[in-house]
Amino acid sequence: EFWAVADTIWGNIFKKYTEKDELSFLKTVALFDNFSLIDLSKIHKILHPRKYHLGEVIFKEQDPGHSMYIVKKGSVKILCESEDKRERELAILEKGHFFGEMSVVDDVPRTATAIALDETELYGFLRADLLNLIDRDPRLASSILLKLSLIVGTRLRETNRRLNKCVLKEGD
């Protein structure tokens, strides 16, 4: 009986240490970098760990979107298919990056394909969990949505800047 109690005590110590590591990781993700440890703990509880092998498709362009992903380990290639059916690489994402965030906000099909470039661990953040969080903890949910909108706005401005450069080059 002593060993059962000792195992429980040691198990709890190691569990807390692991959770502390996970919260430290979440703090490195731009979406959560200004959140308290208490809020990060609440967020961690609703994340869904996923593992993918080299070359495994995480989602395909036009798949229904219902979640975003955070790269915990490994790397992910984001690509889309051009009108002439050629694949075009949009980004390579590594530890701490996130993708698919529009699916948390809206309910439209994916606009790109995501593929694991090696053994990859992700956290899935489901739209349904965010909607549930809006009911349970509106302050935290609104903080997530505000930060997400700031990041999406920054990405959109950068995309517009790049597109304007392309249009100007074509006009020369």
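Residues numbered from 1 in each chain as written. Predicted model: local features only at pLDDT ≥ 70, side-chain atom pairs only at ≥ 80, totals over all residues. Heavy atoms only, no water.

Asks: Describe the nonpolar core, naming the residues involved and giving the relevant values.
Replies: Within the largest apolar cluster, 24 residues are counted, with the highest numbers of intra-cluster contacts made by Leu26, Leu31, Phe32, Ile70, Phe98 and Ile144. Looking at this core, the elements that each hand over two or more residues are α1 (2-28), α2 (37-46), β3 (67-73), β8 (120-126), α4 (127-136) and α5 (138-171). Among all residues touching Phe32, those that are not within four sequence positions of it are Leu26, Lys27, Leu40, Ile43, Ile70 and Ile144. Core analysis: the next-biggest nonpolar cluster, separate from the first, contains 13 residues, Phe59, Val71, Val76 and Ala112 among them. (Core = buried A, V, L, I, M, F, W, Y, C linked by side-chain atoms within 4.5 Å. Buried < 20%, exposed > 50% of the residue type's maximum accessible area, 1.4 Å probe, protein only. Helix = DSSP H or I, 4+ residues; strand = E, 2+ residues; numbered from the N terminus. Contact = heavy atoms within 4.5 Å.)

Asks: Explain the sheet that holds strand β7 (residues 113-116) residue by residue, including any values.
Replies: Strand pairing within a sheet occurs via backbone hydrogen bonds; the two strands may be parallel or antiparallel. Reading across the sheet, the four strands line up as β2-β7-β4-β5 and stay open at both edges, with antiparallel pairing between neighbours. Each of the sheet's edge strands pairs with one partner strand only, and the pair in question is β2 (57-59) and β5 (87-94). When strand polarity is set aside, the average angle formed by the axes of neighbouring strands in this sheet is 30°. Note: β2 against β7, two bridges, orientation antiparallel. The partner of Phe59 across the bridge, within β7, is Ala114. (Pairing = 2+ DSSP bridges. Axes fitted to C-alpha atoms, helices over the stretch in contact; angles between N-to-C directions.)

Asks: An account of the sheet that holds strand β6 (residues 98-99) is needed here, citing residue identities and associated values.
Replies: Reading across from one edge, β1-β8-β3-β6 is the order of the four strands in this open sheet, with antiparallel pairing throughout. Across the chains shown, the open sheet's two edge strands, defined by having one partner strand only, are β1 (48-52) and β6. One ladder, built from two bridges, connects β3 with β6; its direction is antiparallel. Bridge pairing links Ile70 to Phe98 in β6. Together, β1, β3 and β8 form the strand contacts of α4, whose direction differs from that of β8 by roughly 45°.

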